[in-house]
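Tertiary structure, described
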Amino acid sequence: MKVTRFPKDPGPAAWNAILPPPETAQPLDAAISADWLVIGAGFTGLAAARRLSQLHPDARIVLLDAVRVGDGPSGRNSGFMIDLPHDLASSNYTGAADRDRAQITANRTAIDFAARAAADYGLPEEAFNPCGKINAAATAKGVAHTKDYAAHLAGLGEAHELLDAAQMQAITGTDYYMGGLFTPGAAMLQPAMFVRGVAVGLRSNRIAVYENSAVQAFDRSEGIWVARTAQGQVRAPKAILAVNGHANSFGFFERRLVHVFTYGSMTRALTPEEVKRLGGKPTWGLTPADPLGTTVRRISGTGGDRIIVRNSVTYNPGMEPPEGSLERINREHDKCFTARFPVLKGVEMEHRWGGRLCLSLNDVSAFGEVENGLFAACCQNGLGLSRGTFSGIAVAELASGLETENTRHLCAQDAPKRLPPEPFSWIGATAKLRWGERMAGRDF
């Protein structure tokens, strides 16, 4: 099959841009063979390769990525590896208790796996920091959502702490927020630093990572999967697709995946005087009480002290945002930043970008054996770090013929629901997103 299209990510992957340049990329430039082929070297693909290496210590594993590791969606998110319920389609992230408990178990499996990888590869705390996160509320409705979420967590027996406005200001340095909810189980990542570190750690005489090596054609011949790039090819009896929504471009899960972009802006490095003026703690992460609100992080480390804001969602079934959409969104980011941090007036945004998310209408993964010897771990529903990592673990186990708690969790899910035909999907999704952002009020 010919790969029909290639997604386009606008702007730089800011998390990657603030790191020192990596070593020169090694693209695939020959015809090679392997025991396992993993397509996609983001959180899912790296987790799959690491799990395969544990299960098959003598196997030769090849990872292919279309761009540099950290330049794709793995370097364009907010860096939250979340353990608790986080259903973006709900008003306060929660769902049925039994389903939420199962998802918490899966998410924590992923966080533990990532923590061990960070330790094994000597990654700094900046790359993986299990420090928890805060749901932040800037409106009375947001505070109500937060309290509802806290009550749900109490019913699940999960640790949490409600924060008042004064506590939020002490943490963030701004009086913008009316309250918050701290939960200790999430990890905060410098996502590009993490995936680059894992990719370097995996490389060995039996695990190869080829960058700038987009798969242009992919077929099975005489029991062997063959992936062709611009300069080479890989042959392997078993292959894993870890490409999230790009699975549609390979001909799988057609009309079952929802393609959206979210957008972020990152300030230049703050000066010491600006850091002092802002106050608060040097690192923290806020997810909005309203799922369509604004995510905010403050970081301190490689690249300096910076603030990141992330909001706005666009539905783009072609996996490419329309021309001109970034101008409106950039204005929204500046407005949100100024409202939250008036003491930082004059601080410019240095990096602006868009990143792809893949959702399903029923909040399930696109997972399983899609053809003989070909396995998919796609559609992470807005939780690419935790659900992507978990899918990578589980797909490696499934492809290895194992039945585990991880594989049972994903194999028990329904298939992604079929989407309505276009243009009805576009009209409905766009209207719902714009209305949701408007109703988020000051939480946006």
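Residues numbered from 1 in each chain as written. Predicted model: local features only at pLDDT ≥ 70, side-chain atom pairs only at ≥ 80, totals over all residues. Heavy atoms only, no water.

1. So, the nonpolar core
Stated precisely, the cut-off is as follows: In these notes, a set of buried Ala, Val, Leu, Ile, Met, Phe, Trp, Tyr and Cys residues joined through side-chain atoms within 4.5 Å is what counts as a nonpolar core. Relative accessibility thresholds used throughout: buried, under 20% of the residue-type maximum; exposed, over 50%; partly exposed, between the two (1.4 Å probe, protein chains only). Comment: elements are numbered from the N terminus, with helices defined as DSSP H or I runs of at least four residues and strands as E runs of at least two. Contacts are assigned to residue pairs with any non-hydrogen atoms lying within 4.5 Å of each other.
L46, I61, L63, M81, F128, L189 and F194 are the most contacted members of the largest nonpolar core, which totals 53 residues. A total of seven residues in this core trace back to one element, the largest contributor, which is helix α6 (residues 191–202). For F128, the contacting residues outside a window of four places in its chain are M81, I111, A114, A115, A118, A187, M188, L189 and F194. Ranked by size, the runner-up nonpolar core spans 30 residues in total, among them W225, A239, A247 and A366.

2. What about the pairing of strand β11 (residues 217–221)?
Under the convention used in this document: Any two strands with at least two DSSP-identified bridges between them are counted as paired.
Summarising the sheet, β11 and strand β12 (residues 224–228) pair through five bridges and their orientation is antiparallel. Looking at β12, one finds that F218 is bridged to A227. Hairpin remark: β11 followed by β12, antiparallel, with two residues in the connecting loop; positive phi at E222, about 55°.

3. Some details on the pattern of salt bridges
Pairs can form between side chains of opposite charge once their charged atoms are near each other. Stated precisely, the cut-off is as follows: Criterion for a salt bridge: a side-chain nitrogen of Lys or Arg within 4 Å of a carboxyl oxygen of Asp or Glu.
For the structure on display, the rule yields 22 salt bridges. The salt bridge partner of E348 is R268, with a shortest N-O separation of 2.8 Å. Remark: R268 occurs in the loop between β15 (258–267) and α7 (272–278) and E348 occurs in the loop between α8 (325–340) and β19 (349–359); sequence separation between them is 80 residues. Here the salt bridges share partners, and the residues they tie into one network are R68, R203 and E211.

4. Looking at helix α11 (residues 424–439)
The following threshold applies: Multiplying 1.5 Å by the residue count of a helix minus one yields the expected span of that helix. Each C-beta atom gives one direction from the helix axis, and the arc is the one those directions make.
Here α11 spans 22 Å end to end across 16 residues, near enough to the 22 Å set by a 1.5 Å rise per residue. If you check which residues of α11 are buried, you get S425, T430, L433, G436 and E437. Along α11, the residues classed as buried sweep out an arc of 135° about the axis, all on the same side. Turned more than 90 degrees from where α11 packs its buried face, F424, K432, W435 and R438 sit exposed. Following α11 by one or two positions, G441 adopts a phi angle in the positive range, close to 60°.

5. A look at the sheet that holds strand β4 (residues 80–81)
Hydrogen bonding along the main chain pairs the strands of a sheet, whether they run parallel or antiparallel. Judged by pairing direction, the sheet is antiparallel, and its three strands sit side by side in the order β4-β9-β5 without closing on themselves. Of all the strands in the sheet, the pair left with one neighbour each is β4 and β5 (128–129). In terms of strand pairing, β5 meets strand β9 (residues 187–189) through two bridges, oriented antiparallel. Bridge assignment links N129 to a residue of β9, and that residue is M188.

6. Quick look at the environment of L374
Note that L374 resides in strand β21 (residues 374–378). Put simply, L374 and I61 are 313 residues apart on the chain and 15 Å apart in space, counted from C-alpha to C-alpha. Beyond its immediate stretch of four places on either side in the chain, L374 contacts F218, W225, A239, I240, L241, F252, G368 and E369.

7. Structural notes on the packing of aromatic side chains
Convention followed: By convention, a stacked pair of Phe, Tyr or Trp rings (six-membered ring in the case of Trp) has centres within 6.5 Å and planes under 30 degrees apart, an edge-to-face pair has planes over 60 apart, and any other such pair is tilted.
For the structure on display, the rule yields eight aromatic pairs. With a centroid separation of 5.3 Å and 80° between ring planes, the pair formed by Y176 and Y177 is classed as edge-to-face. Of the two residues examined, Y176 and Y177, each falls in the buried class. Where W284 meets F341, the ring centres are 6.5 Å apart and the plane angle is 25°; that geometry is what we call stacked. Here W284 is found in strand β16 (residues 284–288), whereas its partner F341 is found in the loop between α8 and β19, with 57 residues between them in sequence. By the ring-pair criterion, three or more aromatic residues cluster together here, those being F43, F128 and F194.

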